[in-house]
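Residue strings, one per chain:
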Amino acid sequence: MGHTLTEKIILAHADADDVAPGDVVMVRCDVVMTNDISGPMAFRTMERMGVERVFDPAKVVVVADHFVPAKDVRSAQLMKLIAEWSQAQGVTFYEQGRGGIEHQVLAEDGWIVPGSVVAGGDSHTCTHGALGAFGTGLGSTDIAACLAHGRFWQAVPGTIQVELTGALQRFVSGKDVILAVIAQLGVGGGTNMALEFVGPGAEALTIDERLAVANMAVEAGSETGIFPADEMTAAYLDGRTERPWTAERSDPDALIDRRLEIDLDTLSPLVARPWSPGNIAPLDDVLGTKVDQVYIGNCSNGTITDLRQAAEVLRGRRVKPGTRAMVVPASQKIYAQALAEGLVETFVEAGAMVSTPTCGACFGGSNGILAEGETAVATTNRNFRGRMGGEGSGIYLANAWVAAAAAVAGEIVQPGAVLGGGSS
Amino acid sequence: MIVEGRAVCVSGDNIDTDVLYPGPFLNITDPSLMAEHLFEGLDPGLRELLGGDSVLVVGENFGTGSSREHVPVAMQASGIRAVVGRSFARIFYRNCINLGLLAVSCPGAVAAAVPDSRVQVDPAAGEVAVDGVVYAAQMLPPFVLEMVEAGGLVEWSRRQPAGSR
Ligand code: SF4
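Residues numbered from 1 in each chain as written. Chains lettered and ligands numbered in written order. Predicted model: local features only at pLDDT ≥ 70, side-chain atom pairs only at ≥ 80, totals over all residues. Heavy atoms only, no water.

J.: Give a description of the interface of chain A and chain B that names residues and reports values.
T.: In this complex, chain A contributes 43 residues to the contact, which on the side of chain B involves 43 residues. Interface area, chain A with chain B, both sides summed: about 3500 Å², of which 57% is carbon and sulfur. Inspection of the chain A/chain B interface yields three salt bridges. The partner of Glu223(A) in a salt bridge is Arg90(B), with the nearest N and O atoms 2.5 Å apart. Viewed at the interface, chain B and chain A are joined by 19 residue pairs in polar contact (both at pLDDT 80 or more). Residue assignment for the side of chain A that touches chain B shows that the elements contributing at least two residues are β1 (24-28), α2 (38-48), α3 (73-89), β6 (134-137), α5 (140-149) and β7 (151-155) of chain A. Each residue belonging to the side of chain A that touches chain B can be placed in one class, and the counts come to 16 nonpolar, 15 polar and twelve charged. (Contact = heavy atoms within 4.5 Å. Buried area = accessible area lost by both parts, 1.4 Å probe. Salt bridge = Lys/Arg side-chain N within 4 Å of Asp/Glu carboxyl O. Polar contact = N/O pair within 3.5 Å; in protein donor to acceptor, adjacent residues only side chain to side chain. Helix = DSSP H or I, 4+ residues; strand = E, 2+ residues; numbered from the N terminus. Nonpolar A, V, L, I, M, F, W, Y, C, P; charged D, E, K, R; others polar.)

J.: I'd like a rundown of the site of the ligand, residues and numbers included.
T.: Residues and elements named next belong to chain A. Around the ligand, the surrounding shell holds 13 residues, and the nearest of these are His124, Cys299, Cys359, Cys362 and Asn381. Where the shell around the ligand is concerned, the elements lending two or more residues are α4 (102-108) and α10 (298-301). The class makeup of the residues in the shell around the ligand is five nonpolar, five polar and three charged. Two domains each provide a minimum of three residues to the shell around the ligand, namely domain 1 (5-240 + 255-264) and domain 2 (273-419). (Near = heavy atom within 4 Å. Domains from an automatic or database assignment.)

J.: How would you summarise the nonpolar core if you had to cite specific residues and measurements?
T.: In terms of nonpolar packing, the biggest core is built from 142 residues, with Leu147(A), Leu56(B), Phe62(B), Met75(B) and Val128(B) touching the most fellow members. For this core, the leading source of residues is helix α14 (residues 400-409) of chain A, giving eight residues. Domain assignment of the residues forming this core places at least three in each of domain 1 (5-240 + 255-264) and domain 2 (273-419) of chain A. In this structure, Leu147(A) is in contact with Val32(A), Ala42(A), Phe43(A), Met46(A), Arg53(A), Val54(A), Phe55(A), Val60(A) and Trp85(A), ignoring residues within four places of it in sequence. (Core = buried A, V, L, I, M, F, W, Y, C linked by side-chain atoms within 4.5 Å. Buried < 20%, exposed > 50% of the residue type's maximum accessible area, 1.4 Å probe, protein only.)

J.: Can you explain the side chain of Asp122(A)? Please cite residues and give values.
T.: Tracing the sequence through the fold places Asp122(A) in the loop between β5 (117-120) and β6. This buried residue, Asp122(A), is left without a salt bridge; Arg382(A) holds the nearest opposite charge, at 6.2 Å. Of note is the side chain of Asp122(A), whose polar atom sits 3.5 Å from the side chain of His66(A). When residues no more than four places from it in sequence are discounted, the contact partners of Asp122(A) are Met33(A), Asn35(A), His66(A), Glu102(A), His103(A), Gly137(A), Leu138(A) and Ser67(B). (Lys, Arg positive; Asp, Glu negative; His and termini not counted.)

J.: So, helix α11 (residues 304-314) of chain A: which residues are in play, and what are the values?
T.: Residues and elements named next belong to chain A. Most of α11 sits inside the fold, with eight of its eleven residues counted as buried. Every buried residue of α11 is listed here: Ile304, Asp306, Leu307, Gln309, Ala310, Ala311, Val313 and Leu314. Immediately downstream of α11, the backbone of Gly316 shows phi near 75 degrees, a positive value.

This is the structure in structure tokens:
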């Protein structure tokens with residue numbers, strides 16, 4: 001029998017003659033990534049493993065992104081610790097103000113190539129499946145073992161193949177694709193599975209859209225979300241990386257556990273209502289919901305594509321009094337590009353706040369915390385209870401057009417109601 | 001290896017790591033200080049039920065969300081010896097196993113347990129007993145069992161011959 005794309009990648013990184021779903025194998029890492037939250041615990045654990053030096057400094061990346069800029073002394077200590085550790089170990093370190101949110105930085109700086117294995121001390125490491133890699137999120141002890149020995153244990157996942165047909169319609173984005181998948185699978189439906197996105201609709205998605213889709217695979221409980229590499233991937237990687245790679249896909253006779261089909265022609269904007277990414281509804285069902293804060297950013301939807309969409313809505317318009325809007329580019333490069341394209345000016349003139357790249361309020365860390373009972377529309381990936389702040393506060397997850405339109409209207413509306421055109 | 005303790009029950013499914021250990025406390029690195037914030041977004045009162053011999057009894061897809069290992073570290077620091085659930089989210093499960101905190105899927109035991117039930121977990125036999133009644137649990141893969149018996153990934157990794165780890 002043939003192999004799935006995920007099985008092929010794992011097989012190429014394990015000491016095994018063959019692999020099948022459920023087999024537990026040790027998987028070699030091509031990139032090990034950690035940050036100011038998972039890093040400090042992992043460094044301590046590596047020491048307890050009796051290992052002083054990382055297995056290969058060229059394969060280790062540390063990114064300061066969660067409590068950035070340091071909001072208090074305790075956070076500043078973490079920043080200092082990861083900076084000093086990175087220097088002592090000779091690994092690549094993206095310090096505050098130089099990189100941005102880890103998953104975006106790794107993708108745009110060419111760390112990730114198709115067929116590689118990325119072990120990240122953050123659950124959204126599945127984002128790297130957008131580039132055909134096996135990216136998977138791990139905790140600090142796993143990361144300690146990866147830093148020490150370059151390997152982690154992994155039960156080979158099965159595969160759920162998501163066939164995308166048609167093309168995205170106006171005001172519909174990668175966010176809506178993955179919300180549609182989660183609506184079908186539920187928040188635990190992808191457990192022990194890789195989500196694989198195939199079909200003409202998948203091939204037509206840009207890399208920014210693929211990043212948004214792969215990013216939220218973990219919200220269905222999946223090990224990763226993966227797009228087979230194609231010409232779109234090659235074009236994105238051109239000039240970003242020198243690492244060799246080849247394009248692989250699942251064999252026609254590979255074992256696929258489940259198939260889903262999503263027709264992009266008929267997909268319209270969706271939201272995830274509080275307090276679960278699985279609490280999904282058509283945008284129409286929540287129109288009129290009053291909004292205190294709009295947050296456009298995070299590792300799923302803080303790309304230049306998202307910022308352009310938001311700017312299209314906010315250009316020449318104002319954020320509604322009584323509502324506040326924050327735009328957080330996912331990386332310094334995106335920030336610079338947004339400046340060059342005049343998007344930052346658009347946001348500031350509209351009365352939105354533009355922040356330095358950071359995880360910040362996405363996980364309730366800093367820079368845009370909600371008061372008790374407030375409502376936000378965010379392009380982020382999680383809306384768990386209290387995630388962004390106060391007790392009883394609620395987050396609606398949505399795409400950037402929907403989020404920006406809510407900022408202008410002060411309530412959830414169809415983007416077409418602000419811009420004209422598109423879905424009613 | 002048999003782990004035994006007194007049941008502390010957490011009701012509900014898909015309990016996420018944000019309510020188990022909210023983001024603002026992620027800059028804490030001392031396990032005993034982490035323990036002070038366990039269950040903060042869910043029900044801080046649960047902390048008072050924890051003693052040196054607790055077995056946490058949970059529902060489906062427990063621990064969904066972040067990779068934050070602060071959750072099982074805080075659990076261990078609070079005297080939780082094992083977690084028995086209907087099912088677990090992937091990273092939370094890995095984190096428990098890696099720390100040597102036994103996590104076992106056993107819907108029968110979850111249905112039977114009430115607060116303060118005596119719970120005995122026998123991972124090698126694939127059984128969980130609640131007040132003396134035995135329920136079949138999902139068997140752990142041999143590799144996972146070996147790691148739990150070693151006391152976690154740190155100990156397991158130390159035992160591997162150099163070069164094979
Ligand atoms: S932006 Fe949010 S979801 Fe993404 S890595 Fe940062 S905290 Fe996690």
